[in-house]
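# Survey of secondary and tertiary structure
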Amino acid sequence: MVTDMDVDGLEARREAIRRELASIGDLRPGSLFERYRKCGKPTCHCAREGDPGHGPSWVLTSRVGGRALTRAIPPEAVARTRAQVEECRRLRALTAELVEVGEGLCHARLSAGRGEAGREAKKGALRKPSRRRPGPRSSG
C-alpha cells in the first residue's frame, strides 16, 4: 500500500509517475475486438457447422455520451489502434496511482505534523467566536 511509504519515497514515486505521464503517446479509449461474421447465404462456407465465418474484421467499441459506439478498424491500423488503446489504459492506471500517492503524501505529511502541533490541533481551536448581528424584526 502506498500510505506505508515515507514522505521522501512518496515524493520520489510522484515524480516518477509525472515523468511517465509526460511520455504518454496517442490515446484511444475502448476495446479492440476481432470479429467473424456469417453472411447468411445457405451455400456459403460460413453456413457449415463449426465454420467461424468471414473475417477477421476488427472493431473498436467505446462509450460516447453514454452510448456504445462501434467503429471498423482497417487491418493495417490494428497494431497502431491496439497501442493507442493500451496507452489509454496506461494513462488511467498512472492517474489512479498518482491520486493514491498524492493521498498518501498528504496523509504522511499530516501525520508528521500532528506531533508538532500538539494541543493546538484540538477540534475547534482555530474557530473564532461568532459575531452574529440581530436581523430586522418583522412588524407583523
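Since we're looking at a predicted model, the values are computed, not measured.

Below, the discussion takes up the overall build of the protein. Across its full length, the protein holds 2 helices and 3 strands. Along the chain direction, N to C, the helices and strands of the protein fall in the order α-β-β-β-α. Residue burial in the protein is summarised as follows: out of 140 residues, 20% are buried. Excluding contacts between residues fewer than 6 apart, the proportion of contacts in the protein whose partners are at least 24 apart in sequence is 62%. As displayed, the protein offers around 11400 Å² of accessible surface, 52% of which is attributable to carbon and sulfur atoms.

Side-chain direction in a regular strand flips from residue to residue, so the side chains alternate between the two faces of the sheet. Bridge count between strand β1 (residues 31-37) and strand β2 (residues 54-64): 6 bridges; the pairing is antiparallel. What sits directly across from F33, in β2, is V59. Pairing between β2 and strand β3 (residues 67-73): 7 bridges, direction antiparallel. The residue of β3 that forms the bridge with W58 is I73. Remark: 2 residues form the turn of the hairpin made by β2 and β3, two consecutive strands paired antiparallel; G65 in that turn has positive phi of roughly 60 degrees.

Another point: the confidence of the model for the protein. Overall, the prediction assigns the protein a mean pLDDT of 85, with 82% of residues at 70 or greater. Per-element averaging of pLDDT across the protein places helix α2 (residues 78-117) at the bottom with 89 and β3 at the top with 94.

Scoring rules and cut-offs
- Residues numbered from 1 in each chain as written.
- Predicted model: local features only at pLDDT ≥ 70, side-chain atom pairs only at ≥ 80, totals over all residues.
- Heavy atoms only, no water.
- Helix = DSSP H or I, 4+ residues; strand = E, 2+ residues; numbered from the N terminus.
- Buried < 20%, exposed > 50% of the residue type's maximum accessible area, 1.4 Å probe, protein only.
- Contact = heavy atoms within 4.5 Å.
- Areas by Shrake-Rupley, 256 points an atom, 1.4 Å probe, with all protein chains shown as cover.
- Pairing = 2+ DSSP bridges.
- pLDDT = per-residue confidence, 0-100.

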